[in-house]
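Here is what each chain is made of, one letter per residue.
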Number of protein chains: 2
Amino acid sequence: MREGPDIARIASLVGDPARANMLTALMGGTALTASELALEAGVSLPTASSHLSKLMEGGLLTLASQGRHRYYGLAGPQVAGMIEAITGVAAAVGPQRVRPGPRDAAMRVARVCYDHLAGEQAVAMLDRLVARQVLLRDDKEIRLGPSAASHFAAIGIDVVSKARRPVCRACLDWSVRRSHLAGTLGAAILDKILLEKWARREKDSRAVIFSPMGKQAFEKVFLG
Amino acid sequence: MREGPDIARIASLVGDPARANMLTALMGGTALTASELALEAGVSLPTASSHLSKLMEGGLLTLASQGRHRYYGLAGPQVAGMIEAITGVAAAVGPQRVRPGPRDAAMRVARVCYDHLAGEQAVAMLDRLVARQVLLRDDKEIRLGPSAASHFAAIGIDVVSKARRPVCRACLDWSVRRSHLAGTLGAAILDKILLEKWARREKDSRAVIFSPMGKQAFEKVFLG
DNA sequence: TCAATGCTTCGATGAAGGACGAACTATGCG
DNA sequence: CGCATAGTTCGTCCTTCATCGAAGCATTGA
């Protein structure tokens with residue numbers, strides 16, 4: 001009989017369809033209220049409330065009360081990474097899927113991963129940044145290169161770490177099996193992309209759709 | 001209501017304690033038989049068999065039949081990565097350690113790991129055998145040294161491999177984070193320890209309790 | 001061919017927990 | 001205040017599924 005971190009406890013939290021839907025919905029990065037999550041999960045409000053308590057108790061969610069609204073969000077990037085990893089296995093393992101619709105294709109190209117960009121675009125970006133030595137990567141770790149500060153400052157992104165959260169982190173992609181950039185820098189880049197309206201978010205989905213011009217701009221700045 | 005990869009299905013597979021233990025055991029990288037996994041999970045053989053079918057059906061395991069042995073292993077690095085991600089969250093989220101009781105302390109010192117000895121004693125033993133070059137270890141693999149046959153023959157252990165099972169294998173310890181000796185040799189040594197009554201097994205536990213004299217004898221033979 | 005071992009299937013049991021309606025608390029708004 | 005909206009708690013029903021013993025296959029060795 002094994003000991004150690006209670007992995008079954010965490011996994012079983014994700015293992016309920018209603019809770020899994022809630023967590024998936026929260027992968028979009030924005031915090032949601034209990035009613036919204038109930039709707040996402042397709043259960044009644046009391047049921048959702050019960051699930052949310054469990055997720056809170058399990059440490060997977062954070063709660064921000066604002067007046068009579070209670071906003072639930074993912075507890076952190078580590079939790080988001082776990083959901084991505086599970087999603088990846090589920091996607092790889094379920095070959096009995098109907099042919100990938102247009103939404104799936106879009107998801108493969110670019111999607112939101114909690115607070116940063118994921119998908120082929122994001123993987124290509126990280127590759128390029130490493131090739132140009134703006135970022136340095138050894139093994140699983142990613143660090144800022146000497147030219148990083150000036151490079152990102154030129155496009156209006158400050159790479160100074162304000163919080164305890166790391167600036168750079170690698171996050172494994174489920175569609176491609178390679179890493180993309182997470183951390184505060186990854187989040188800042190996604191902000192920039194949406195702020196500049198290079199891309200818009202598909203409603204009720206994690207997909208990120210680049211406009212033709214936005215794609216060009218993105219490629220010029222990050223893949224150039 | 002969401003669509004997409006069935007993440008709840010995968011997570012719920014990991015969400016059962018017995019299955020979680022099996023998967024954790026398989027994280028070592030070596031494939032194990034159904035009986036071994038039953039022991040690891042602390043369930044009966046039929047129960048284990050049922051769990052294994054489910055894990056197979058879920059695509060998390062691969063199966064290699066060799067005669068009447070059926071070796072189960074993780075389906076791939078992606079699955080391993082997922083387990084690791086879940087373990088990470090579980091470790092970060094649950095620092096609530098139960099106070100280590102006397103049984104836990106004993107488990108840390110010495111315990112049975114399905115057919116061989118694990119724990120601090122076992123780790124020390126392997127270290128010493130390698131230091132004396134009775135065993136040779138490179139990377140993760142352990143082989144017999146030139147003096148191994150005579151050395152073990154002197155204490156009544158035959159190192160000739162009868163079965164297909166390897167004589168030496170490294171097994172990662174959860175208490176200490178280092179390896180101990182598994183394989184037929186590991187099993188033979190545990191047999192010897194119990195046969196000579198150097199130690200007895202705690203009932204209903206994996207703990208192995210050395211008598212004062214037994215400990216001396218063990219240290220003389222294996223740590224001398 | 002017979003016995004032993006490794007493993008799976010079957011059937012019955014029992015406990016865990018997910019579901020919702022109703023009632024309760026809390027915030028906001030006139 | 002009184003009413004409406006957002007959430008939680010409670011109680012109960014009910015499905016699911018983990019568990020084990022016994023029996024059934026399959027492989028190996030004698």
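Refer to the structure above for everything that follows.
In this text the structure is predicted, and so the values were computed from the model without any measurement.

### Notes on the sheet that holds strand S2 (residues 61-66) of chain A
Residues and elements named next belong to chain A.
Item 1. Taken together, the three strands give an open sheet; going across it, the order is S1-S3-S2, and neighbouring strands pair in antiparallel fashion. Two strands close off the open sheet at either side, each with one partner strand: strand S1 (32-33) and S2.
Item 2. For S2 and strand S3 (residues 69-74), the ladder comprises six bridges, and the chain directions are antiparallel. The residue of S3 that forms the bridge with Leu61 is Leu74.
Item 3. Contacts from helix H4 (residues 45-57) reach S2 and S3, with the element oriented near 120° to S2.

### Remarks on the sheet that holds strand S3 (residues 69-74) of chain B
For sheets, the rule is that strands pair by backbone hydrogen bonds, running either parallel or antiparallel.
Residues and elements named next belong to chain B.
Item 1. Taken in spatial order, the three strands of this open sheet run S1-S3-S2, and their pairing is antiparallel. Each having just a single partner strand, strand S1 (32-33) and strand S2 (61-66) make up the two edges of the open sheet.
Item 2. On the sheet, helix H4 (residues 45-57) packs against S2 and S3 and is oriented at approximately 120° with respect to S2.

### Description of the protein's contact with DNA strand D
Item 1. Near DNA strand D there are 21 residues, and of these A:Ser35, A:Ser49, A:Tyr72, B:His51 and B:Lys54 occur at the shortest range.
Item 2. When atoms of DNA strand D within 4 Å of the protein are split into backbone and base, the sugar-phosphate part holds 72%.
Item 3. B:His51 places a side-chain nitrogen or oxygen 2.5 Å from a phosphate oxygen of DNA strand D.
Item 4. Here a phosphate oxygen of DNA strand D sits 2.5 Å away from a polar atom, N or O, in the side chain of B:Lys54.
Item 5. Of all elements in the fold, only helix H3 (34-41), H4 and S3 of chain A together with helix H2 (17-26) and H4 of chain B reach the threshold of two or more residues within the surface near DNA strand D.
Item 6. Looking at the surface near DNA strand D, the element that brings in the most residues is H4(B), giving four residues.
Item 7. Residue composition of the surface near DNA strand D, by class: seven nonpolar, eight polar and six charged.

### What about the pairing of S3(A)?
Residue and element names in this part refer to chain A.
Item 1. The pairing of S1 with S3 spans two bridges and is classified as antiparallel. If you follow Thr33 over to S3, its bridge partner there is Tyr71.
Item 2. Linkage of S2 to S3, two consecutive antiparallel strands, is achieved through a turn of two residues, within which Gly67 is found at a positive phi near 60°.

### Looking at the protein's contact with DNA strand C
Item 1. The full set close to DNA strand C counts 20 residues, and A:Thr47, A:His51, A:Lys54, B:Ser35 and B:Tyr72 are the nearest of them.
Item 2. The sugar-phosphate backbone supplies 73% of the atoms of DNA strand C found within 4 Å of the protein.
Item 3. Here A:Ser44 contributes a backbone N or O atom positioned 3.2 Å from a phosphate oxygen of DNA strand C.
Item 4. Between DNA strand C and B:Arg70, the relevant distance is 3.3 Å, taken from a phosphate oxygen to a main-chain nitrogen or oxygen of the residue.
Item 5. Residue assignment for the surface near DNA strand C shows that the elements contributing at least two residues are H4 of chain A together with helix H3 (34-41), H4 and S3 of chain B.
Item 6. When residues in the surface near DNA strand C are grouped by element, the largest group, four residues, is from H4(A).
Item 7. Split by residue class, the surface near DNA strand C holds six nonpolar, eight polar and six charged.

### Considerations on the pattern of salt bridges
Residues and elements named next belong to chain B.
Item 1. This structure, assessed with the given rule, holds six salt bridges over all chains.
Item 2. Among the salt bridges present, the one from Lys215 reaches Glu219, with a minimum N-O distance of 3.8 Å. Here Glu219 and Lys215 lie together in helix H10 (residues 212-223), a separation of four residues that amounts to about one turn.
Item 3. A relative accessible area of 37% places Lys215 in the partly exposed class.
Item 4. Taking relative accessible area as the criterion, Glu219 reaches 31% and is therefore assigned partly exposed.

### So, helix H5 (residues 77-93) of chain B
Item 1. When the terminal C-alpha atoms of H5(B) are compared, their 24 Å separation across 17 residues agrees well with the 24 Å that a helix rising 1.5 Å per residue should span.
Item 2. Contacts made by the buried residues of H5(B) are with helix H1 (7-14) and helix H5 (77-93) of chain A together with helix H1 (7-14), H2 and S3 of chain B.

### Things to note about the interface of chain B and chain A
Item 1. The partner chain A presents 42 residues to the 39 residues of chain B that form the contact.
Item 2. When chain B packs against chain A, the two sides together hide about 3500 Å² of surface, and 68% of this comes from carbon and sulfur.
Item 3. Across the chain B-chain A interface, the total number found is zero salt bridges.
Item 4. For the pair chain B and chain A, the number of links is two residue pairs in polar contact (both at pLDDT 80 or more).
Item 5. Of all the elements in the fold, those that place two or more residues in the side of chain B that touches chain A are H1, H2, H3 and H5 of chain B.
Item 6. Sorting elements by how many residues they give to the side of chain B that touches chain A places H5(B) first, with 13 residues.
Item 7. For the side of chain B that touches chain A, a count of residues per class yields 24 nonpolar, 10 polar and five charged.

About the thresholds
Residues numbered from 1 in each chain as written. Chains lettered and ligands numbered in written order. Predicted model: local features only at pLDDT ≥ 70, side-chain atom pairs only at ≥ 80, totals over all residues. Heavy atoms only, no water. Pairing = 2+ DSSP bridges. Helix = DSSP H or I, 4+ residues; strand = E, 2+ residues; numbered from the N terminus. Contact = heavy atoms within 4.5 Å. Axes fitted to C-alpha atoms, helices over the stretch in contact; angles between N-to-C directions. Near = heavy atom within 4 Å. Polar contact = N/O pair within 3.5 Å; in protein donor to acceptor, adjacent residues only side chain to side chain. Nonpolar A, V, L, I, M, F, W, Y, C, P; charged D, E, K, R; others polar. Salt bridge = Lys/Arg side-chain N within 4 Å of Asp/Glu carboxyl O. Buried < 20%, exposed > 50% of the residue type's maximum accessible area, 1.4 Å probe, protein only. Expected span 1.5 Å × (residues − 1). Buried area = accessible area lost by both parts, 1.4 Å probe.

In short, the description is geometric, and any link to function would need to be established separately.
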